[in-house]
Structure formats: C-alpha cells, structure tokens
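Chain by chain, the residues run as shown.
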Amino acid sequence: MKFTLEQIRTSAMRLDSRYDFGQYVMRGPQENVMELESWLSFSSVAAKLHHEGYVMVPPKEYAEALGIRVAEVVDQIEKEGTLFALFHATHDDNFILVPLPEREESAPPAE
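Residues numbered from 1 in each chain as written. Predicted model: local features only at pLDDT ≥ 70, side-chain atom pairs only at ≥ 80, totals over all residues. Heavy atoms only, no water.

**Remarks on the overall build of the chain**
In terms of helices and strands, the chain carries four helices and five strands. Taking 2.2 N^0.38 as the reference for a compact globule, 111 residues should give roughly 13 Å; the C-alpha atoms of the chain span a radius of gyration of 13 Å, in line with that estimate. Counting only C-alpha atoms, the chain reaches 35 × 35 × 20 Å along its principal axes. Across the 111 residues in the chain, those meeting the buried criterion constitute 40%. Taking as baseline every contact in the chain between residues at least 6 positions apart, the subset at least 24 positions apart corresponds to 63%. Taken as a whole, the chain presents about 6400 Å² of accessible surface, with 52% of it coming from carbon and sulfur. The chain carries 10 positive and 19 negative side-chain charges, and their two centres are separated by 2 Å. (Helix = DSSP H or I, 4+ residues; strand = E, 2+ residues; numbered from the N terminus. Rg over C-alpha atoms; globule rule 2.2 N^0.38 Å. Buried < 20%, exposed > 50% of the residue type's maximum accessible area, 1.4 Å probe, protein only. Contact = heavy atoms within 4.5 Å. Areas by Shrake-Rupley, 256 points an atom, 1.4 Å probe, with all protein chains shown as cover. Lys, Arg positive; Asp, Glu negative; His and termini not counted. Charge placed at Lys NZ, Arg CZ, Asp CG, Glu CD.)

See the structure below:
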C-alpha cells in the first residue's frame, strides 16, 4: 500500500513521543529528515516503523529496489524533500534509513 510523506513523518514523531526515545530535530526542505540524537533512538524508531509496515532500508538498497542511482535518492531527501529519512550521525559515520515506497500490511499503528 502506498503512503505519503506526511503519514510516515507523523508516525515517526508519534512513536518518538509515545515511547520517549529522546530528542530529535526535523530537518530537510520539507522537514522530511528526522535527525535522532542517539543510536538507541535511531534504531528504536526504525524498528517501530518497521513494525507498522514501513520497510526502512539504506539509500543504496532503496536505489537498487527502484532501479535508480543513489544520487537520485539523496536528491529526493536533501533537495526535493520528497523522501522521508531517519538520520543519526556519530563521530565516525552517518546512518540513514528511508522507507521503501510500499507499506507492508501489518498490525494497525499504536495509538
């Protein structure tokens, strides 16, 4: 089932506040990037989104699934703001996950 940017952004923010995973900042041209302060927050939000049917993958895997270049995925996140992303930065690396375009049927979202 297809979903909108607003649906996944709202789900991610609701999950973070419901489970109190920690601080986050919404960034990007359409506030489409959820930057989480800790690895625990990042992985917890990703896991909960997956439980709600959003399959979260690295940009390279997303590009391969859609038959596009990774640079196009980055543009969708950073320039166009049309693709939601979870983001966490460490001293050594950046971690980014994006949802595959089709949402899997799963349990209804937690209220």
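Moving on, there is more to tell.
**Side note on the side chain of Q76**
With respect to the helices, strands and loops of the structure, Q76 is situated in helix 4 (residues 70-80). On the accessibility criterion, Q76 (17% relative accessible area) is buried. Every residue in contact with Q76, bar those within four places of it in the chain, is listed here: N32, Y62, I68, G81, T82 and L83.

**Here's the deal with the pairing of strand 5 (residues 94-99)**
Across two bridges, strand 3 (residues 56-57) lies against strand 5 in antiparallel orientation. The residue of strand 5 that forms the bridge with V57 is V98. Strand direction decides the pairing type here: strand 4 (residues 85-89) and strand 5, joined by four bridges, are antiparallel. When the sheet's bridge partners are listed, L86 is paired in strand 5 with L97. Between strand 4 and strand 5, which pair antiparallel in sequence order, lie four residues. (Pairing = 2+ DSSP bridges.)

**Points about the packing of aromatic side chains**
For the coordinates displayed, the defined rule picks out three aromatic pairs. Aromatic pair F42 and F95: ring centres 6.5 Å apart, planes at 50°, arrangement tilted. Of this pair, F42 sits in helix 2 (residues 39-51) while F95 sits in strand 5; the two residues are 53 residues apart in sequence, bridging distant segments of the chain. A relative accessible area of 3% places F42 in the buried class. Three or more aromatic residues joined by ring pairs make a cluster, and in this case those are W39, F42 and F95. (Phe/Tyr/Trp six-rings, centres within 6.5 Å; stacked < 30°, edge-to-face > 60°.)

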